[in-house]
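Residue-level structural notes
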Amino acid sequence: MKHDVILPSVKTRMRDGTIKYGIKVPRTVAKAKQLDQENNDRLWQDAIALEMETILPAFDIYDRVRPPLGFDKSSDHIVFDVKMDFTRKAR
């Protein structure tokens, strides 16, 4: 079936990484730090720090309030992207 051919192909491309606007986009925090080290800059680390600064107040509230029944804790996952003005984004 066509579905059986397309899905493995897409998964392989996603695993290999992405280049957007000529800039490598990491899939993990470790890869982001490695790219910063290779490029002698802190662009990805600054994007991560900005995102963490933005979401930390939510974790402060989470620690003080009991979660509702049936609540499942989400996994730690960061999505990286490059914006059209070449700034790095972590979310």
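Further up the page is the structure itself.
Let me begin by describing the structure that accompanies this report. Please read these numbers as outputs of a predicted model, since none were measured by experiment.

With that settled, consider a nonpolar patch on the surface. Residues Tyr21, Met84 and Phe86 make up a contiguous nonpolar surface patch of about 380 Å² in total accessible area. Positionally, Phe86 belongs in the loop between β3 (80-82) and β4 (88-90).

Here we take up the packing of aromatic side chains. Describing an aromatic ring pair means giving the distance of the ring centres and the angle of the ring planes. Overall, the coordinates contain two aromatic pairs when judged by the stated rule. A centroid spacing of 6.0 Å and a plane angle of 85 degrees characterise the contact between Tyr21 and Phe86, whose relative ring orientation is edge-to-face. Of the two residues, Tyr21 sits in the loop between β1 (18-20) and β2 (23-25) while Phe86 sits in the loop between β3 and β4, which places them 65 residues apart along the sequence. Assessed through its relative accessible area of 42%, Tyr21 is described here as partly exposed. Centre to centre, the rings of Trp44 and Phe80 are 5.6 Å apart; their planes meet at 90 degrees, and the pair counts as edge-to-face. Of the two residues, Trp44 is situated in helix α3 (residues 43-64) and Phe80 in strand β3; the sequence distance between them amounts to 36 residues. Just as Trp44 is buried, Phe80 falls in that class too. The ring of Trp44 is capped by Arg88, whose NZ or CZ atom sits 5.7 Å from the centre of that ring.

Here we come to the pattern of salt bridges. Applying the stated rule across the entire model yields two salt bridges. In this structure, Asp81 engages Lys20 in a salt bridge whose closest nitrogen and oxygen atoms are separated by 2.8 Å. Taken as a pair, Asp81 in strand β3 and Lys20 in strand β1 lie far apart in primary sequence, 61 residues in all. Between Asp46 and Arg42 there is a salt bridge whose closest N-O contact spans 3.7 Å. Residue class for Asp46 comes out partly exposed when judged on its relative accessible area of 41%.

Reading the values: rules and limits
- Residues numbered from 1 in each chain as written.
- Predicted model: local features only at pLDDT ≥ 70, side-chain atom pairs only at ≥ 80, totals over all residues.
- Heavy atoms only, no water.
- Patch = residues over 30% accessible without salt bridge, like charges linked within 9 Å, V, L, I, M, F, W, Y side chains within 5 Å.
- Areas by Shrake-Rupley, 256 points an atom, 1.4 Å probe, with all protein chains shown as cover.
- Salt bridge = Lys/Arg side-chain N within 4 Å of Asp/Glu carboxyl O.
- Helix = DSSP H or I, 4+ residues; strand = E, 2+ residues; numbered from the N terminus.
- Phe/Tyr/Trp six-rings, centres within 6.5 Å; stacked < 30°, edge-to-face > 60°.
- Buried < 20%, exposed > 50% of the residue type's maximum accessible area, 1.4 Å probe, protein only.
- Lys NZ or Arg CZ within 6 Å of the ring centre and 35° of its normal.

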